[in-house]
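Listed below are the residues making up each chain.
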Amino acid sequence: MSLPDRKEDEVRRMLEGGPHPPVPADLGPHAAERGARLLRRRLVARQLMWALLALAVVAFVVWAAVEQPWVAPPSEIAPPLEGW
């Protein structure tokens, strides 16, 4: 008998043998409350990640506008022209 078959047989024996264990009466509301809390946390985390992404984009745009990295730096090889 392989491992999954043995586990399946054990579960079947547990379910068939006698009364089922008691379940708390407020299990449903507690599960729903926990699920809602998890959804709120995921929503807040997703909103925080989007806000951080937007902040990073704004910071990059401001840096690029100030520094202008696409402009070539002035050449320092030739001597300055003076006295023309």
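See the structure shown above.
As the structure is a computational prediction, the values presented were derived from the model and not from experiment.

What counts and how
- Each residue is numbered by its place in its chain's sequence as written, counting from 1.
- Where totals are concerned, whole chains, interfaces and linings use all residues; where local detail is concerned, this predicted model gives features only for residues with pLDDT of at least 70, and gives and counts side-chain atom pairs only at 80 or more.
- Side-chain measures were taken over the full set of non-hydrogen atoms in the model, leaving aside hydrogen atoms and water.
- The helix count covers DSSP runs of H or I at least four residues long, the strand count covers runs of E at least two residues long, and both are numbered beginning at the N terminus.
- Using C-alpha atoms as the atom set, the radius of gyration is obtained and then compared with a globule rule of 2.2 Å times the number of residues to the power 0.38.
- Burial here depends on accessible area, computed with a 1.4 Å probe over protein chains only, as a share of the maximum for the residue type. Under 20% is buried, over 50% is exposed, and the range in between is partly exposed.
- For every accessible area listed, the method is Shrake-Rupley and the probe measures 1.4 Å; residues are considered covered only by the protein chains on display.
- For the purpose of counting charges, residues Lys and Arg are taken to be positive, whereas Asp and Glu are taken to be negative. His and the chain ends are not included.
- Charge coordinates come from a single atom per side chain, which is NZ of Lys, CZ of Arg, CG of Asp or CD of Glu.
- Only the six-membered ring of Trp is used, alongside the rings of Phe and Tyr, when aromatic pairs are assigned; centres must lie within 6.5 Å, and planes under 30 degrees apart are stacked while those over 60 apart are edge-to-face, with the rest tilted.
- Two N or O atoms form a polar contact when they lie within 3.5 Å of each other; inside protein one atom must be a possible hydrogen donor and the other a possible acceptor, and for residues adjacent in sequence the pair counts only when both atoms belong to side chains.
- Multiplying 1.5 Å by the residue count of a helix minus one yields the expected span of that helix.
- Here a salt bridge means any side-chain nitrogen of Lys or Arg lying within 4 Å of a carboxyl oxygen belonging to Asp or Glu.

Draft legend 1. View of the overall build of the chain. The number of helices and strands found in the chain is 2 helices and 0 strands. Computed over its C-alpha atoms, the radius of gyration of the chain comes to 33 Å, more than 25% above the 12 Å expected for a compact globule of 84 residues. C-alpha atoms of the chain, sized along the principal axes, occupy 110 × 40 × 10 Å. Buried residues in the chain amount to 1% of all 84 residues. Here the chain has roughly 8,400 Å² of accessible surface; of this, 67% comes from carbon and sulfur atoms. Charge separation in the chain, taken as the distance between the mean sites of 10 positive and 10 negative side-chain charges, equals 12 Å.

Draft legend 2. Representation of the packing of aromatic side chains within the structure. For the structure shown, the criterion picks out 1 aromatic pair. Considering the side-chain rings of Phe60 and Trp63, the 5.8 Å spacing of their centres and the 35° angle between planes classify their relative orientation as tilted. On the criterion of helical spacing, the pair formed by Phe60 and Trp63 is a turn pair, its members being 3 residues apart in helix α2 (residues 27-67). Judged by relative accessible area, Phe60 falls into the exposed class, the value being 52%. Accessibility expressed as a relative area gives 43% for Trp63, which makes it partly exposed.

Draft legend 3. Spatial organisation of the environment of Asp26. Counting through the fold element by element, Asp26 comes out in the loop between α1 (3-16) and α2. The class of Asp26 is partly exposed, set by a relative accessible area of 39%. Among the polar contacts made by the side chain of Asp26, one reaches the side chain of His30 at a distance of 2.8 Å.

Draft legend 4. Structural view of α2. For α2, spanning 41 residues, the distance from its first C-alpha to its last is 59 Å, which sits close to the expected 60 Å at 1.5 Å a residue. Phi turns positive, to about 45°, at Gln68, one or two residues after α2.

Draft legend 5. Representation of the pattern of salt bridges within the structure. Under the definition given, this model contains 3 salt bridges. Across the pair Arg6 and Glu10 runs a salt bridge, and its minimum N-O distance is 3.0 Å. Residue Arg6 and its partner Glu10 are located together in helix α1, separated by 4 residues, close to a single helical turn. Note that Arg12 is salt-bridged to Glu8, the shortest N-O span being 2.9 Å. With a gap of 4 residues between them, Arg12 and Glu8 both fall in helix α1, about one helical turn apart.

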